[in-house]
Amino acid sequence: MFPAPPTFEDLNVWAALPVIILSLWASVLLVADRFINNKFYVAAYSLLGVGISLVIALFQAGDLFDIGESGTAFEGMFMADQFTYVVNIVALISAAIGILISYEYLERTKLDRGEYYILLMFSAAGAMLMGSSNNLSMIFISLELLSIPLYILSGIRRPQEESEESAMKYFLLGAFSSSFLVYGIALVFGAAGSLDLGEIVVVAQTISEQEATQRYLLLIGAGLITVGLGFKVAAVPFHMWTPDVYQGAPTPVTAYMSSVAKVGGFAAFLRVLVTGLPIIAEGGDAAVWVDTLQILAALTLLLGNLVAIMQYDLKRLLAYSSIAHAGYILIALAAGGVPGVGDSAAQAALVYLAAYAFTNIGAFAVVAAIEKDDSTGTTMDDIKGLAVKRPWLAGAMSVFMFSLTGIPLTAGFIGKFWVFRAAMDAGLEPLAVLGVLTSAISAFYYVRVVWNMYFETGDAVVPERQQYLTSGLVITAAGTLILGLLPFILENLVRDASLAILR
Amino acid sequence: MLYAVVSGFGAALVAPLIHQSVRRWSGWLLVLLPLALFGYFASHMEQISDGEKIAFAYTWVPSLDVELAFMLDGLSLLFVLLVSGIGALIVLYGSAYLADHPQLGRFYAYLLMFMASMLGVALADNLITLFIFWELTSISSYLLIAFKHDYESSREAAKKALIVTGAGGLALLAGLILVGIEADTWTISELASRKDVIQEGGLYLPALLLILVGCFAKSAQFPFHFWLPYAMEAPTPVSAYLHSATMVKAGVYLLARLHPSLGGTDEWHAIVTGVGGLTMLIAGFIAWQHTDLKKILAYTTISALGILVFLLGIGTGLAVKGAMIFLLVHSLYKGALFMVAGSIDHETGTRDIAQLGDLAKSMPFTAVGAGLAALSMAGLPPLLGFIGKEIIYEATQEAHDLLPLVLTAAALLANIFNVAAAAMVTLKPFTGQAAHTPKHPHEAPLAMWIGPVVLGGFTLAFGVASNLLLKDFFAQTVAAVYGKPYEVKLGLWHGLNTTLVLSVVTLVAGGLLYAYLRQILPIVKPLNVGEKLGPDRLYDIGFEGILDFASLTERFFQNGHLRYYLMTIIFTLSSLLILTMTTQIDFDSIQLNVDDVLLHEYLLAGLMIAAAITITMTSSRLMAVAALGVVGYSVALLYVFYGAPDLAMTQFSIETLSVVVLVLVLYRLPKFKDFSTPRSRARDGIIAVMFGGLVTTLILIITSEPLQSRLSPYFAENSYVLAKGHNVVNVILVDFRGFDTMGEITVLGVAAIGIFALLKLRPSSRKEE
Amino acid sequence: METVLAFVIGILFAVGIYLMMRRSLVKLIIGLGVLGHAANLLIFTVGRLTRGEPPLIGKHEEVLSGTFADPLPQALILTAIVIGFGVQVFAAVLIKSAYRIVGTDDLDEMKSTDETQP
């Protein structure tokens, strides 16, 4: 009746190899850091650890060798499937690029400390765990593992006031919203009697036929979890920390966290809502939370895009733009609540996240490249005439801006296309149309950046070329273009990602 | 065929390099590409005229059915020939017009990129492929319009054009996706066969509207027409290419392309005919009130596009034939006239017709081209323009279902305006008295006059030998738009009938309008408020409105006060909760059950409440921390009472630790101050109590239902059997949920690093300040 | 008892949230602590209360029998307590260092990043 005592194989430990390697590597490096004086080596070793983990994740995703079967591991706590692998890859790539673009920046702004890279690795591990959580308590813990390093990283530029304040606000609001997550988990547990997503979904379905009250408790639980995770992914109206923190944090940190927090947050979102709580409403219609998410998505799209228009500082502009992009992924998430669309919506979200990771980290990396040592020089005026002084940098930025707008032949277009199609499949045409309209609005401020670089003249001083940062830029720009030109790469990767248990 | 499209992008990449190396002759070298393309496509003419179609497809995103699919039929052939042919003339023209411009190489690059995108639009046989090239035309045209970016006006114009057409493009994408979903195919040539499915589906109207918005924005139809006159800031070769013959016709092309699958419904007739008719009248009316050559040409272009849309809206075989012929007519004469306008501007230094006269003597070749084009524009035999106009009148008279009288009257009026405008742009500058111009006029170089002459020559040749040259080919073009075979006969003479009378009336009235222009202008000026208060103004107002709204929103949300952020979160959450609870939850099931509560439990609960309230009231930090400790210890006691000794142990030790830490840390901080006003405290209190009440209600609802824990029995039965542990909680933590606990330890470790980092960094950072 | 605790938890949540909306950082961090207790108690309560029977398997038995407190929420709470502690201490240190740099514990003084640029 019950399974035999678990052995090492039963626990299926190898399935979690990438995240285990990353965590262990970070832990070892934490100790070793005390004995390494040249922080270059800490950065290099961190990159190596992320790289090893990434290679294994790629092998797992491509089914190239069989270590640990797909399916649950650690007695159902951990889920290793194609979704996990893709999340792993995106998080690890973000981490790798994050390390690359950080080194010189930290050095010249005198922030080079070993903990930086270690915290960065830990938070990547948190994001990976969020994508592989099959249990609500895992989601809580991995959320904290993702967040706490980010709280610290965003405040690492001390004793600068902005950095300090924004980190504190981020942390306090974060802790606050985490307690909502716990509250939500408690309610779901109270109604379903289990924390395991696979079991919650069974309960959710059986009670939906008889017990209205319990069903809506589940719904309220889901609502509270939405607040907790919505905060992480900067969905309106839980977004207020974003402009502050993105502006206050050191630019490479912003670059990294803008991507990894979204990857982790949305991965967990999809796991909880699509796998765990596809509560079917009367008459086999869409899940009840679809409406709530639609409202959130609409608010996020509108606010993010509209407020971005008038931003003068690039970091702040990109902060609002990242809020707006959370809105597009929320569209996919909302679509995921419609029966039969769950999987394609999850795939759309993954594609969008992958495209967004390359593009957005790249855009912030350009900002890091032009930023001065005293963390000024990131305004619209500072990029005037950049195309003349640094044509390749301006070219890369243009690629990122076009991709963020969603112009064809860039990764951004592929992501948007996937998302809008999922929305249409799910019958959420108004939301898709709103997405299209707000993309049109977004063109205005993204094009303005390109405009200032190419068609205005300015004499802002730009720091010297930075070798590692440039390599990070090459990777992100190439990634943005390659994913845009050869979308079947992503397609093959996400095709088997499947979340919905109920169909 | 893929190479034919891609070659343009390739050439765009190397064009600046070529220009760098050969300088003077770069134009003559680069023109070979469009010429070769023209030749390549023209070589298919015979095949196409025989009714064949040539298709190619390359897989791109298989799971979404997106292919790079191309198809050459009568309609696309007409377009690609115009695009490549006029493109060749423009490359030459541009090489002379911008000969001294330092960034001529970049100009070639943009121009070739645009040409390639345009070819892609015309050849695409997949909705998504089409959209991609469509957007590429928007981007490359933006770069071209902004080419003279030293001027503020030029940049504004480019921005306007991009925003209007770009926004339209996205609407188009949404519409195309709707059509694709409804028809279950992305291949354009398959759409026609699924006409019924599309038109009867519920998505038809939204899809149609979205697609029309895209097409109208691109083809400068009312109310999106206002960007086109501004775009005249572009260098004249660009205007000649984009704004006469190619880009602005992309919208018309798409309407024609989708006519077999979307057309023929009442909605189509009403909207397309209505918008087209309105556009041709409004723009035609404005055209002859300007004196700037390019402005006149811009408005007549809008008017002509209106005529095309108008005809496609009518959608009879005759109307489609008229549209296709007129499309060719207009591309030829308008391309020529724009080039002429550019030449005049280039050679005399002005393009205000009031300052021009008698240029025919000094610029004879240009005058020939201009004359032929203007005659075609006015619709005089034996030029192709005459044939075009005749067919338009025939079509409007025959549109029996659609008020033929009104349509004919509208077409007549639009054509009269057209005649007057044609007279203005040629008679005034080239004849009459010589005027004093900023530069002394002389003939433009060969590269600049060859364009108008060649296009004028085509107009004449096609007019004279229309049936011979165009009949078979246009039969295929019309069939592609009409959706079924249609016999095309062309000729100058149709006998003495109403149509001919209308033509004569048009000419006479147009001539009179031109002759008495000076008398008429003051009368109509007051009518012309539309130009000032029209959609253009709306665009500006809307734009400022968005900016104001944006700053308002930011100020509202991003006020920097943490507590307002919290308040927003709580408020959103509470509203969601209340909404769900009031609509969905059955309150009768709540049971208030206090029978089994023991006295010491009451006391404990009372203690917690008292401590909690103390925290809010006290003004002493230590008191607050102590009260927090009391809450914590009470919670621990509760764990003891209710069978959770492990929790109690942990809670006791951790509570002690946190009190110690808090006291240590907070001792350094200032005393509690009352920062806030009583009013804000009352407000926060209400919010807090509301939320607390919600929580209480929720718990009451939950605990009124019996709970079936799914996992606990499993742990109860297996803790000892499988894991050899007597304490089930511990077994869960270290064994069944071992992974969980590992994560927990990591989190703590990370927090410790953070604390360490915060504390460690003090001395060094102090020094730097 | 669940009924009584429902009110206690409600009050704790209210107090926690009220404190978090104060301008003083010290009050805010204490509010965070109160919220933590409230959330733990909540989990405990919705897992249902069983008086006095800890989920311990007797020395000579192999399975739990009779009525016993639900071990699963207890495990979850244990995790939450420990993480809550980590968060609280981190908060304390962060606030202390913020105070040192900014020189006030009034949150309204800390909004330099939110000043809208021209």
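Scoring rules and cut-offs
- Residues numbered from 1 in each chain as written.
- Chains lettered and ligands numbered in written order.
- Predicted model: local features only at pLDDT ≥ 70, side-chain atom pairs only at ≥ 80, totals over all residues.
- Helix = DSSP H or I, 4+ residues; strand = E, 2+ residues; numbered from the N terminus.
- Rg over C-alpha atoms; globule rule 2.2 N^0.38 Å.
- Contact = placed C-beta atoms within 7 Å.
- Buried ≥ 20, exposed ≤ 12 C-beta atoms within 10 Å, placed from the backbone.
- Expected span 1.5 Å × (residues − 1).
- pLDDT = per-residue confidence, 0-100.
- Axes fitted to C-alpha atoms, helices over the stretch in contact; angles between N-to-C directions.
- Parallel < 35°, antiparallel > 145°, perpendicular 65-115°, else oblique.
- Left-handed = near helix turned anticlockwise from the far one by under 90°.
- Nonpolar A, V, L, I, M, F, W, Y, C, P; charged D, E, K, R; others polar.
- Core = buried A, V, L, I, M, F, W, Y, C linked by C-beta atoms within 7 Å.
- Arc of directions from axis to C-beta.

**Description of the overall build of chain A**
Broken down by element type, chain A carries 20 helices and two strands. Scaling as 2.2 N^0.38, a compact globule of 503 residues should have a C-alpha radius of gyration of about 23 Å, and chain A matches this with 22 Å. Seen through its C-alpha atoms, chain A measures out along the principal axes to roughly 70 × 55 × 40 Å. Pairs at least 24 residues apart make up 82% of the contacts formed inside chain A by residues separated by at least 6 positions.

**Some remarks on the overall build of chain B**
Across its full length, chain B holds 36 helices and two strands. Relative to its full complement of 769 residues, chain B shows a buried share of 53%. In chain B, once contacts between residues fewer than 6 apart in sequence are set aside, the share between residues at least 24 apart is 77%.

**What to know about helix 5 (residues 114-132) of chain A**
The first and last C-alpha atoms of helix 5 of chain A sit 28 Å apart over 19 residues, in line with the 27 Å expected at 1.5 Å per residue. Counting buried positions along helix 5 of chain A yields 19 of 19 residues, so the element is predominantly enclosed.

**Side note on the confidence of the model for chain B**
The predicted structure's coordinates, where accompanied by low pLDDT, should not be read in detail. Looking at chain B, the pLDDT average stands at 81 and 88% of residues meet or exceed 70. Reported confidences for the modelled complex are a pTM of 0.78 and an ipTM of 0.86.

**Considerations on the environment of A:Ala345**
Residue and element names in this part refer to chain A. Relative to the helices and strands, Ala345 resides in helix 14 (residues 342-370). With 124 residues separating them along the chain, Ala345 and Gly221 place their C-alpha atoms 22 Å apart. Among residues more than four places away in sequence, those in contact with Ala345 are Ala332, Leu333, Ala335, Gly336, Ala422 and Ala426.

**Quick look at the environment of B:Phe462**
Residue and element names in this part refer to chain B. Inspection of the secondary structure assignment puts Phe462 in helix 22 (residues 446-464). Judged by C-beta crowding, with 24 C-beta atoms within 10 Å, Phe462 ranks as buried. Not counting the four nearest positions on each side in its chain, Phe462 is found in contact with Leu384, Leu469 and Leu470.

**Overview of the confidence of the model for chain A**
Put simply, chain A has an average pLDDT of 84, and 91% of its residues get 70 or more. Per-residue pLDDT, averaged within each element of chain A, yields its smallest value for helix 1 (residues 8-11) of chain A (62) and its largest for helix 13 (residues 314-335) of chain A (94).

**Concerning the packing of helix 29 (residues 599-617) of chain B against helix 30 (residues 621-641) of chain B**
Residue and element names in this part refer to chain B. Running from N to C, helix 29 and helix 30 point in directions that differ by 155°, and their axes come no closer than 8 Å. Here helix 29 lies roughly antiparallel to helix 30, going by the angle between them. Note on packing geometry: the crossing formed by helix 29 with helix 30 is left-handed. The segment helix 29 lies against helix 30, with Glu601, Leu604, Leu607, Met608, Ala611, Ala612, Thr614 and Ile615 engaging Met623, Ala624, Ala627, Leu628, Val630, Val631, Ser634, Leu637, Leu638 and Phe641. Within the contact of helix 29 with helix 30, the residues separate by chemical class into 15 nonpolar, two polar and one charged.

**Here we look at unusual backbone geometry**
Residues A:Val236 and A:Pro237 are joined by a peptide bond in cis, for which omega reads 5°. As for its position among the elements, A:Pro237 is in the loop between helix 9 (212-232) and helix 10 (241-248). A cis amide bond links B:Phe222 with the next residue in sequence, B:Pro223, at an omega value of 0°. Backbone geometry at B:Asp184 places phi at a positive 60°, although glycine is not the residue there. Here B:Asp184 falls in the exposed class, since 11 other C-beta atoms lie within 10 Å of it. Despite not being glycine, B:Ala220 has its phi angle at roughly 55°, a positive value. Topologically, B:Ala220 is positioned in the loop between helix 11 (204-218) and helix 12 (227-230). Residue B:Ala220 is classed as buried on the basis of its C-beta count, with 30 C-beta atoms lying within 10 Å.

**As for the nonpolar core**
Residue and element names in this part refer to chain A. Among the nonpolar cores identified, the biggest contains 546 residues, and Met121, Ala349 and Tyr352 are the most heavily contacted of them. Among the elements that make up this core, the one with the highest residue count is helix 14 (22 residues). When neighbours within four sequence positions are excluded, Ala349 is seen to be in contact with Phe266, Leu270, Ile329, Ala332 and Leu333.

**Concerning the environment of B:Ala183**
Residues and elements named next belong to chain B. Position of Ala183 relative to the elements: it lies in helix 8 (residues 152-183). Sequence separation between Ala183 and Arg194 is eleven residues, and the spatial gap between their C-alpha atoms is 6.2 Å. With residues up to four places along the chain from it excluded, the contact list for Ala183 reads Leu191, Arg194, Val197 and Ile198.

**Considering helix 29 of chain B**
Residue and element names in this part refer to chain B. Compared with the 27 Å implied by 1.5 Å per residue over 19 residues, the 27 Å span of helix 29 between its first and last C-alpha is a close match. The complete set of buried residues in helix 29 reads Glu601, Leu604, Met608, Ala611, Ala612, Ile615 and Thr616. One face of helix 29 carries all of its buried residues, which in axial projection span an arc of 145°. Facing away from the buried side of helix 29 by more than 90 degrees, the exposed set consists of Leu599, Leu603 and Met617.

**Here's the deal with the packing of helix 14 of chain A against helix 17 (residues 411-425) of chain A**
Residue and element names in this part refer to chain A. Viewed as axis vectors pointing N to C, helix 14 and helix 17 meet at an angle of 160°, and their least axial separation amounts to 8 Å. By the angle between their directions, the pair helix 14 and helix 17 is classed as roughly antiparallel. Judged by the sense of rotation from one axis to the other, the crossing of helix 14 with helix 17 is left-handed. Here helix 14 contributes Ser344, Ala345, Ala348, Val351, Tyr352, Ala355, Tyr356, Phe358 and Thr359 to the contact with helix 17, which in turn contributes Ala411, Gly412, Ile414, Gly415, Trp418, Val419, Ala422 and Asp425. Residue composition of the contact of helix 14 with helix 17, grouped by class: twelve nonpolar, four polar and one charged.

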